[in-house]
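# Observations on chain architecture
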Amino acid sequence: MSSIVWAWSDRLSLQYPEMDATHQEFVTLCAQLSQAEDQTDYLLKLEALIAHSVQHFEQENQWMRETQFPPAGCHQTEHDTVLSLMQEVHRRVCDGEMDLADRLAEELPHWFEHHVATMDNMLAQFLRKPALEQNLTV
Ligand SMILES: [Fe+2]
Ligand SMILES: [Fe+2]
């Protein structure tokens, strides 16, 4: 497993406390995944990350539906894609493909940092606007 442990950083903060708290949890679970000791431990940690991600992504999808966030489709597609990838890796690690386990643990932080800086950042900025201004943006 990776020797570099990913950690929360203020640069990931989007000044939207509910989203930031969820993102801190994602970072913690990803860091734990990269520290897994064996196949069984990895699968348990990946299951925890998947369970978190289902709720994390659905919360954001719900905010996007409620506010009619214009780029919602693109953002939801990214959520669906990464969730499917995590589930696929879970299946394949069950079958013994441990090289994939390492790759996912290494790649998820890169994906997440980019997702937060782009998709989640746009959503947080949109959610911080008053409701009237959100409607004028659509
Ligand atoms: Fe997010
Ligand atoms: Fe997101």
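First, a word on what this report is: a plain description of the structure on this page. Along each chain, residue indices are assigned from 1 in the same order as the chain's sequence is written. All chains are assigned letters beginning with A, and all ligands numbers beginning with 1, in the order in which they are written. Residues qualify for local features only when their pLDDT is at least 70, as the model is predicted, and side-chain atom pairs are given and counted only at 80 or more; totals for whole chains, interfaces and linings, by contrast, use all residues. As a rule here, side-chain values come from all non-hydrogen atoms in the structure, and water together with hydrogens is ignored.

## Regarding the coordination of the iron ion (ligand 1)
Put simply, the rule is: With water excluded from the atoms, a metal site may look incomplete; its donors are any N, O or S atoms within 2.8 Å, or within 3.2 Å for Na, K and Ca. Four donors are marked tetrahedral only if all angles between them lie between 85 and 135 degrees, whereas four are marked square planar and six octahedral if opposite donors are more than 155 degrees apart and the other angles lie between 65 and 115; the remainder are marked irregular. Secondary structure elements follow DSSP: runs of H or I no shorter than four residues count as helices, runs of E no shorter than two count as strands, and numbering proceeds from the N terminus. Remark: exposure states derive from per-residue accessible area (1.4 Å probe, protein chains only) relative to the maximum for the residue type, with buried under 20%, exposed over 50%, and partly exposed in between.
All of the protein donors around the iron ion (ligand 1) are His23 (NE2), His56 (NE2), Glu60 (OE) and Asp120 (OD); their distances to the metal are 1.9 to 2.4 Å. Relative to the metal, the 4 donor atoms surrounding the iron ion (ligand 1) lie at angles of 83 to 155°, and the coordination shape comes out irregular. Expressed as a motif, the donor residue spacing for the iron ion (ligand 1) is H-x32-H-x3-E-x59-D. A spacing of 3.5 Å is found between the iron ion (ligand 1) and the iron ion (ligand 2), which share Glu60 as a donor. With His23 in helix α1 (residues 17–34) and Asp120 in helix α4 (residues 98–128), the pair connects residues that are 97 residues apart, well separated along the chain. Judged on exposure class, the residue His23 and its partner Asp120 are both buried.

## Notes on α1
Put simply, the test is: Each helix should span, by expectation, one fewer than its residue count multiplied by 1.5 Å. Only heavy atoms matter for contacts: two residues are in contact if any of them lie within 4.5 Å across the pair.
Relative to the 26 Å expected for 18 residues at 1.5 Å per residue, α1 spans 26 Å between its end C-alpha atoms, a close match to the ideal helical length. Along α1, the residues classified as buried are Met19, Asp20, His23, Phe26, Val27, Leu29, Cys30, Ala31, Leu33 and Ser34. Those residues of α1 hidden inside the fold are in contact with α2 (39–67) and α4.

## Section: the coordination of the iron ion (ligand 2)
The reference angle at a metal is 109.5 degrees if four donors form a tetrahedron and 90 or 180 degrees if six donors form an octahedron. With distances of 2.0 to 2.2 Å, the protein atoms coordinating the iron ion (ligand 2) are Glu60 (OE), His75 (NE2), His79 (NE2), His115 (NE2) and Asp120 (OD). Spacing between the donor residues of the iron ion (ligand 2) along their common chain follows E-x14-H-x3-H-x35-H-x4-D.

## Regarding the environment of Ala117
Looking at the element boundaries, Ala117 is found in helix α4. Here Ala117 falls in the partly exposed class, since its relative accessible area comes to 48%. Put simply, Ala117 and Ser13 are 104 residues apart on the chain and 9.4 Å apart in space, counted from C-alpha to C-alpha.

## Digging into the packing of aromatic side chains
The criterion, for reference: The criterion for an aromatic pair is that two Phe, Tyr or Trp rings (for Trp, the six-membered ring) have centres within 6.5 Å, with stacked assigned to planes under 30 degrees apart, edge-to-face to planes over 60 apart and tilted to the rest.
Throughout the structure, instances matching the rule amount to 7 aromatic pairs. Among the aromatic side chains, those forming a connected cluster through ring pairs are Trp6, Phe26, Phe57, Trp111 and Phe112.

## Notes on the packing of α1 against α4
Put simply, the test is: As a rule, the C-alpha atoms of each element are fitted with a line to give its axis, helices using only the stretch in contact, and angles between N-to-C directions run from 0 to 180 degrees. Roughly parallel means an angle under 35 degrees; roughly antiparallel means over 145; roughly perpendicular covers 65 to 115; every other angle is labelled oblique. Residues are grouped as follows: nonpolar covers Ala, Val, Leu, Ile, Met, Phe, Trp, Tyr, Cys and Pro; charged covers Asp, Glu, Lys and Arg; every other residue, Gly included, is treated as polar.
The geometry of α1 relative to α4 is characterised by a closest axis approach of 11 Å and an angle of 175° between their N-to-C directions. The orientation of α1 with respect to α4, classified from their angle, is roughly antiparallel. Contacts between α1 and α4 pair Met19, His23, Phe26, Val27, Cys30, Leu33 and Ser34 from the former with Leu104, Ala105, Leu108, Trp111, Phe112, Val116, Asp120, Leu123, Ala124 and Leu127 from the latter. Its residues placed into classes, the contact of α1 with α4 shows 14 nonpolar, 2 polar and 1 charged.

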